[in-house]
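Fold and geometry: a report
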Amino acid sequence: MESMDHAKDGKLITWVLAPRGDPTTLDFMCSCEAFKRSGLVAYPSYSTSKSNSVHEVTCYAIASVFTPPSKRGRGYGSHMMRLLHWVIALRANLPKFPEAWGAPPEQVADASEGLFSCLYSDIGEDFYRSVGPVGKEDEGDDDGWTWLTQEQLNGLWDRDAVRINKELASMLTSDTLYEVERPAAFVTYLPTNGVCGFHIPRSTYASNFSMAGGFWGIQSLNDPDTYASWSVNFRPPPPTLVITRLCASEETFLGLIAKISQAARRSGIEKVEVWKLGEGLRDIAERTGGRTVTRNEHLPQMVWYGPGATGNIEWAYNEKFCWC
């Protein structure tokens, strides 16, 4: 996995919390991984004649937080995460380093300047959408649709990033669907540079599984802005097809879900799951047999290093492709 696009060329760094007097010891307190990524931030324009100001930024995704069993229950993991912000963030935007913690950690070349970061925690609640396969009726033909292989999806991510940029530029400054009533900024990760693509080899690692036809995505030929990609989770059983990125309107959503469900059935998978489904699409899914559930793992938590408070920032496109 370390040699893949999302991690190579220094984009993946493993960090450990170790005693200051013995920083190279293998008897460290805890560890984690940090993936350096490209993201976007959009600052709302409160003028109807101007678009939001969109900028590409450096951001980080934190994964694989681990504390050896013999060292658990002492707060090491929490303290490591507090210190990590001082390594990966734009320090100019951080408060004064607490004196009680001693000297601040050294800055590391090519591992700083982040404007925001996220961690998917397996402690707490996470919202996800479980959309069951839409019946087992005749699947019909594939007219109007094209199935996408892993290689073909790489080109889709480049076009998807352009789409996300344009959508952020015109995103409403306030909406009842937002987590934040009136965001000071919108942020998102981008699916490019292997960020979305790595979910495919990860889901098949150490297994002989392959999606029917080798297809990991679908796109409408009649409406190229309607598409989806997916990976597969085998644990806990039964296997679940997890949608990593989904773009559809209320008019095209049912057709897209039908094709996704078809891909799942052809591969012997009975369950389809999608995260952060928009309210209008969620209502359609529930009317056609899907259900919305709450789970207690993969809780998305974001920290903002720019001006203002994290609680005033809206995380847009918080879909499965961001997860690591």
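We now turn to the structure provided with this report. The numbering scheme is per chain: residues are counted from 1 as the chain's sequence reads. Per-residue local features are limited, in this predicted model, to residues with pLDDT of at least 70; the limit for side-chain atom pairs, both in listing and counting, is 80 or more; totals at the level of whole chains, interfaces and linings are taken over all residues. No hydrogens and no water enter the side-chain calculation; it runs on all heavy atoms of the structure.

1. Here we look at empty space enclosed by the protein
Residues are said to line a cavity or pocket when one of their atoms sits within 4 Å of a point; the points come from a 1 Å grid over protein atoms alone, cavities being sets where a 1.4 Å probe fits but cannot get out and pockets being open sets with protein on both sides within 12 Å along at least five of seven lines. Grid points are joined across faces, edges and corners, and a volume is the space filled by probe spheres set on the points. Per the stated rule, a full pass over the model turns up 2 cavities of 30 Å³ or more. Approximately 30 Å³ is the volume found for the second largest cavity. Every residue lining the second largest cavity is listed: Gly10, Lys11, Leu12, Ile13, Trp15, Ala34, Lys36, Tyr60, Asp110 and Ala111. Listing elements by their share of the lining of the second largest cavity, those giving two or more residues are β1 (12-17) and β2 (30-43). Looking at the lining of the second largest cavity, the element that brings in the most residues is β1, giving 3 residues. The helix and strand labels rest on DSSP assignments: H or I over at least four residues marks a helix, E over at least two residues marks a strand, and numbering proceeds from the N terminus.

2. Some remarks on the nonpolar core
Leu168, Leu246 and Ile260 are the most contacted members of the largest nonpolar core, which has 73 residues in total. Ranked by residues supplied to this core, first place goes to helix α2 (residues 150-169) with 7 residues. Grouped together as the second largest cluster of nonpolar side chains are 20 residues, Cys30, Met80, Met81 and Leu84 included. Nonpolar cores were defined as sets of buried Ala, Val, Leu, Ile, Met, Phe, Trp, Tyr and Cys residues, with membership established by side-chain atoms within 4.5 Å. Using a 1.4 Å probe on the protein chains alone, a residue whose accessible area is under 20% of its type maximum counts as buried, one over 50% counts as exposed, and one in between counts as partly exposed.

3. Considering the packing of aromatic side chains
Two rings belonging to Phe, Tyr or Trp (six-membered ring only in the last case) form a pair when the distance between their centres is within 6.5 Å. Interplanar angles under 30 degrees mark stacking, angles over 60 mark edge-to-face geometry, and anything in between is tilted. If you walk through the whole model with that rule in mind, you get 10 aromatic pairs. A ring pair is formed by Trp147 and Phe215, whose centres lie 5.9 Å apart and whose planes are at 25°; its orientation type is stacked. Linking Trp147 in strand β6 (residues 145-149) with Phe215 in strand β8 (residues 215-220), this pair joins segments that are 68 residues apart in sequence. The exposure class assigned to Trp147 is buried, which follows from its relative accessible area of 10%. Ring-over charges, as used throughout, are those where CZ of Arg or NZ of Lys falls within 6 Å of the ring centre and within 35 degrees of the ring normal. Looking at Arg37, its charged tip hangs above the ring of Tyr189, at a distance of 5.5 Å from the centre.

4. Topic: the pairing of strand β7 (residues 185-189)
Of all 5 residues in β7, 5 are buried; the element is thus mostly enclosed. Both faces of β7 are covered, namely the face carrying Ala185, Val187 and Tyr189 and the face carrying Phe186 and Thr188. Here, any two strands with at least 2 DSSP bridges between them count as paired. For β2 and β7, the ladder comprises 4 bridges, and the chain directions are antiparallel. Considered in β7, the bridge of Leu40 is made with Thr188. As judged from the 3 bridges shared by β7 and strand β14 (residues 313-315), these two strands associate in the parallel manner. Bridge pairing in β14 links Val187 to Trp315.

5. Observations concerning the side chain of Lys320
Mapped onto the fold, Lys320 is located in the segment after β14. Neither His nor the chain ends contribute to the count of charged residues, in which Lys and Arg are positive and Asp and Glu negative. Throughout this description, the term salt bridge denotes a Lys or Arg side-chain nitrogen within 4 Å of a carboxyl oxygen of Asp or Glu. One buried charge, Lys320, has no salt-bridge partner; the nearest side chain with opposite charge is Glu273, at 5.5 Å. Here, residues are in contact when the closest pair of their heavy atoms is within 4.5 Å. In this structure Lys320 touches His199, Asn233, Val242, Ile243, Thr244 and Trp275, once residues within four positions along its chain are discounted.

6. Side note on the environment of Ser51
Structurally, Ser51 is set in the loop between β2 and β3 (53-66). Other than its neighbours up to four places away in sequence, Ser51 contacts Ser45 and Ala169.

7. So, the pattern of salt bridges
Per the counting criterion, the structure on display carries 8 salt bridges. Asp160 is the partner of Arg245 in a salt bridge, and the nearest nitrogen-oxygen pair spans 2.7 Å. A residue pair is termed long-range when its members are at least 10 positions apart, and Arg245 in strand β10 (residues 240-247) and Asp160 in helix α2 qualify at 85 residues. When the shortest N-O distance is used, the salt bridge between Arg245 and Glu319 registers 2.7 Å. A residue pair is termed long-range when its members are at least 10 positions apart, and Arg245 in strand β10 and Glu319 in the segment after β14 qualify at 74 residues. Several salt bridges converge on common partners, so that one network encompasses Asp160, Arg245 and Glu319.

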